[in-house]
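# Overview (structure and organization)
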Amino acid sequence: MKRVLVANAKGGVGKTLISVTLAAALSNKRQTVTLADADPQASALQWIKRRSVYYPRVDYVSWRVGTAEKPIFVKKTDFVIIDAPSGIDKDLIQPYLRKCDFLVVPIVASVFDEAASRKFIIALQQIKKFRDAEIRLIPVGSRVNLRRRETTLLCDFMKYNTLELKTMISERSAYPNLARRGMSIFDVNTAENVKLQAQWRPILNEIMIGSNQNEPINPAN
Ligand SMILES: Nc1ncnc2c1ncn2[C@@H]1O[C@H](COP(=O)(O)OP(=O)(O)OP(=O)(O)O)[C@@H](O)[C@H]1O
Ligand SMILES: [Mg+2]
């Protein structure tokens, strides 16, 4: 069982969108997947409830650290995707880190988001599990518009901080539109969605086969 935590101290950066998209991507690749919802807003639950039984199955478990609720992970599930709450910091993230192999950090290209994300990642890098590479850190550009100057600045900023983005996920209305129906771009193979799917390949390669190679960013924009 591999466990993937999706977290950032910042709110609204696409944590839930990335969690449900990864869950759908993996289930479409015939992996068994459980979404562990650690966000009190329970947005992932809304997505699961809307998901048709005709699409590859994603299981759900609610997980609120600090409450009586404890996650009961199906032992045989291939992947657990944990959607973290916003406002998490180096201390609040600890219980989740105990249960994870990969940490995906979505970063939005904006001067304030970058600064907050940098602070978050630097704090994480001081944690022993990261230094010992027990947990693989996967920073990704989220809600990206490749034509905007801020995106270039984000890439430069990450390189300057020796943290290369694994990939960039474009801002597209297909994501919220499909999410509203409990779906993702991996459930519907339109030409446009297939292009977008390529942007997720570096993350999927890393969590599925441990490939640490950075692919060139796919300019689906
Ligand atoms: N790649 C994208 N393209 C278009 N819209 C997106 C994309 N990613 C996220 N969004 C939209 O941005 C908004 C915030 O995304 P999301 O809810 O996933 O963020 P979050 O980090 O989970 O927020 P919170 O901190 O409140 O839990 C949502 O309306 C979502 O549909
Ligand atoms: Mg969320």
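Residues numbered from 1 in each chain as written. Chains lettered and ligands numbered in written order. Predicted model: local features only at pLDDT ≥ 70, side-chain atom pairs only at ≥ 80, totals over all residues. Heavy atoms only, no water.

## A look at the packing of helix H1 (residues 15-28) against helix H2 (residues 43-50)
Two elements in contact, H1 and H2, have axes separated by 9 Å at closest approach and are oriented at 40 degrees. Relative to H2, the element H1 lies oblique. Where H1 crosses over H2, the two elements pack in a sense that is right-handed. Of the residues in H2, those in contact with Thr16, Val20 and Ala24 of H1 are Ser43, Ala44 and Trp47. Of the residues in the contact of H1 with H2, the class split is four nonpolar, two polar and no charged. (Axes fitted to C-alpha atoms, helices over the stretch in contact; angles between N-to-C directions. Helix = DSSP H or I, 4+ residues; strand = E, 2+ residues; numbered from the N terminus. Parallel < 35°, antiparallel > 145°, perpendicular 65-115°, else oblique. Left-handed = near helix turned anticlockwise from the far one by under 90°. Contact = heavy atoms within 4.5 Å. Nonpolar A, V, L, I, M, F, W, Y, C, P; charged D, E, K, R; others polar.)

## A closer look at the pattern of salt bridges
Throughout the structure, instances matching the rule amount to seven salt bridges. Note that Arg57 and Asp59 form a salt bridge whose closest N and O atoms lie 2.6 Å from each other. Residue Arg57 is classed as exposed on the basis of its relative accessible area of 64%. Ionic pairing is found between Lys166 and Glu206, a salt bridge with its closest N-O pair at 3.0 Å. Of the two residues, Lys166 is situated in the loop between helix H6 (149-160) and strand S7 (168-170) and Glu206 in helix H8 (residues 191-209); the sequence distance between them amounts to 40 residues. The same class applies to Lys166 as to Glu206, namely buried. Several salt bridges share partner residues, and in doing so they unite Arg136, Lys166 and Glu206 into one network. (Salt bridge = Lys/Arg side-chain N within 4 Å of Asp/Glu carboxyl O. Buried < 20%, exposed > 50% of the residue type's maximum accessible area, 1.4 Å probe, protein only.)

## Comments concerning the side chain of Ser170
Relative to the helices and strands, Ser170 resides in strand S7. Of the polar contacts made by the side chain of Ser170, one reaches the side chain of Gln199; its length is 2.9 Å. (Polar contact = N/O pair within 3.5 Å; in protein donor to acceptor, adjacent residues only side chain to side chain.)

## Focus: the pairing of strand S6 (residues 136-144)
Among the nine residues that make up S6, seven are buried, leaving the element largely enclosed by the rest of the structure. Looking at chain direction, strand S5 (residues 102-108) and S6 are connected through seven bridges and run parallel. Pairing of Phe102 across the sheet is with Arg136, part of S6. Direction of pairing for S6 relative to S7: parallel, over a ladder of two bridges. Its bridge partner being in S7, Val144 is matched across the sheet by Ser170. (Pairing = 2+ DSSP bridges.)

## Remarks on the site of ligand 1
For ligand 1, the set of nearby residues contains 17 residues, the closest of which are Lys15, Thr16, Leu17, Ser170 and Arg172. Taking Arg143, its side chain carries an N or O atom lying 3.4 Å from an oxygen atom of ligand 1. Between ligand 1 and the protein, one listed contact pairs a nitrogen atom with a backbone N or O atom of Ser170 at 2.9 Å. About the coverage of ligand 1: the protein hides 77% of its 630 Å² of free accessible area. Looking at the shell around ligand 1 element by element, the count peaks at three residues for H1. Each residue belonging to the shell around ligand 1 can be placed in one class, and the counts come to five nonpolar, seven polar and five charged. (Near = heavy atom within 4 Å. Areas by Shrake-Rupley, 256 points an atom, 1.4 Å probe, with all protein chains shown as cover.)

## Concerning the pairing of strand S1 (residues 2-6)
Burial of S1 is extensive: four of the five residues sit out of reach of the surface. The sheet contact formed by S1 and strand S4 (residues 79-83) spans five bridges and is parallel. Across the sheet, residue Arg3 finds its bridge partner in S4, namely Val80.

## Quick word on the nonpolar core
One finds Leu35, Ile81 and Trp200 to be the most contacted residues of the largest nonpolar core, which totals 34 residues. Leu97, Cys100, Leu103 and Phe130 belong to the second largest nonpolar core, which has 32 residues in total. (Core = buried A, V, L, I, M, F, W, Y, C linked by side-chain atoms within 4.5 Å.)

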